[in-house]
Amino acid sequence: MIWLGIDTANTPLAVALVKDGQVLANEVTNIKLNHSGGAMLAIERLLTRVKLTAQDIDAVAVSEGPGSYTGIRIGVTIAKTLAWTLNKPLVGVSSLKMLAANAAMYNGIVCTLIDARRQNVYAGAFDAVNGFENVVEDHHYSIADLIEKLDSLNAPVLFVGHDVDTFWDVIVETLGERAVRAPYTIDLPDAAQLIYLAEKMPQLTGDAVHNFVPQYRRLAEAEANWIKEQKNK
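Treat the numbers as computed from the prediction; the structure is a model and nothing was measured. (Residues numbered from 1 in each chain as written. Predicted model: local features only at pLDDT ≥ 70, side-chain atom pairs only at ≥ 80, totals over all residues. Heavy atoms only, no water.)

### Description of the overall build of the protein
Helix and strand counts for the protein stand at 8 helices and 10 strands. Taking 2.2 N^0.38 as the reference for a compact globule, 233 residues should give roughly 17 Å; the C-alpha atoms of the protein span a radius of gyration of 18 Å, in line with that estimate. Dimensions of the protein, computed from C-alpha atoms along their principal axes, come out at roughly 55 × 50 × 30 Å. Per-residue burial for the protein yields a buried fraction of 48% across its 233 residues. When contacts within the protein are restricted to residue pairs at least 6 apart in sequence, long-range pairs at least 24 apart make up 62% of them. Carbon and sulfur atoms provide 51% of the accessible area of the protein, an area that totals close to 11,800 Å². (Helix = DSSP H or I, 4+ residues; strand = E, 2+ residues; numbered from the N terminus. Rg over C-alpha atoms; globule rule 2.2 N^0.38 Å. Buried < 20%, exposed > 50% of the residue type's maximum accessible area, 1.4 Å probe, protein only. Contact = heavy atoms within 4.5 Å. Areas by Shrake-Rupley, 256 points an atom, 1.4 Å probe, with all protein chains shown as cover.)

### Some points on the environment of Arg118
Of note, Arg118 is situated in the loop between β6 (109–117) and β7 (120–127). You can call Arg118 exposed: its relative accessible area is 72%. When the C-alpha positions of Arg118 and Ile143 are compared, they lie 9.4 Å apart, and in sequence the two are 25 residues distant.

### Observations regarding the packing of aromatic side chains
Tallied over the entire structure, the rule returns 2 aromatic pairs. Ring geometry for Phe159 against Trp168: centres 5.8 Å apart, planes inclined by 80 degrees, an arrangement best described as edge-to-face. (Phe/Tyr/Trp six-rings, centres within 6.5 Å; stacked < 30°, edge-to-face > 60°.)

### Re helix α6 (residues 191–198)
Summarising burial for α6: 7 of the 8 residues are buried, a large majority. All buried positions along α6 are accounted for by Ala191, Ala192, Gln193, Leu194, Ile195, Leu197 and Ala198. Where the residues of α6 are buried, they touch β1 (2–7), β2 (13–19), β3 (22–29), β4 (59–63), β5 (90–93) and α3 (95–100). Near the N-terminus of α6, the side chain that reaches the backbone nitrogen of Ala192, with its oxygen 2.9 Å away, is that of Asp190. (Polar contact = N/O pair within 3.5 Å; in protein donor to acceptor, adjacent residues only side chain to side chain.)

### Points about the nonpolar core
Core analysis: the largest hydrophobic core is formed by 28 residues, its most contacted members being Ile6 and Leu90. Here this core gets 8 residues from one element, more than from any other, and that element is helix α2 (residues 69–86). Ignoring sequence-local partners within four residues, the contact set of Leu90 consists of Val60, Val62, Ala79, Lys80, Ala83, Gln203, Leu204, Val209 and Phe212. Ile143, Phe159, Phe167 and Leu175 belong to the second-largest nonpolar core, a separate cluster that totals 20 residues. (Core = buried A, V, L, I, M, F, W, Y, C linked by side-chain atoms within 4.5 Å.)

### Remarks on α2
Compared with the 26 Å implied by 1.5 Å per residue over 18 residues, the 26 Å span of α2 between its first and last C-alpha is a close match. Every buried residue of α2 is accounted for by Tyr69, Gly71, Ile72, Ile74, Gly75, Val76, Ile78, Ala79, Leu82, Ala83 and Leu86. For α2, the elements touching its buried residues are β1, α1 (35–49), β4, β5, β7 and α7 (207–210). Count one or two residues on from α2 and you reach Asn87, which has phi positive near 60 degrees. (Expected span 1.5 Å × (residues − 1).)

### Overview of the pattern of salt bridges
One pass over the full model with this rule turns up 5 salt bridges. For the salt bridge of Asp165 with Arg181, the shortest nitrogen-to-oxygen distance reads 2.9 Å. Taken together, the residues Asp165 in helix α5 (residues 164–175) and Arg181 in strand β10 (residues 179–181) connect sequence positions 16 residues apart. Because the salt bridges share partners, they merge into one network encompassing Glu27, Arg45 and Arg49. (Salt bridge = Lys/Arg side-chain N within 4 Å of Asp/Glu carboxyl O.)

Bear in mind that shape data such as this cannot, by itself, settle questions of function.
Rendered as structure tokens:
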């Protein structure tokens, strides 16, 4: 079975092809490019390298968010279009859980976070011992609220993600030696890891593919302003 994995939820772009539990091709870049053009080119590049076509794909896995609104929409749109037109199953995976799974060998709690600006983050914490179950729900938090939730766990926490360094000083200020920084080698999303998680999840087919939506975990600013305006009428 051949899987295509796509992650465009944030600045990094990650795509991979996996066949019967073996990675055929895997690519990740961490530069600010427009995913609307780069993602499809990356997919085509990988398919060409391994001498496959889109018709050879048996299932599609996509990072469903949270993260950049535009980035998530691009990846989900590409994944839905491929799954729908090829009549193949689709699986959405949390972008935060996908990143946490890079630390699969860690024996404890893993926190992944993405900078959401203005001292806010998209973040979640996972128990790496128990199948990466959430111990702090994927959501949009102020960094202060996230640290408070992690502090209440009273346990060491491994932090993974290329945005962690932005908040590291304030994290250590509260958590002290309980804050553990992951090596930079696992800070970026891995689309093969995305597929590995997707293989264990229910697959969407037919109308469920068409109805699949991203998990933003917060309202867009325009939507929030509109709701505010409606309440003030």
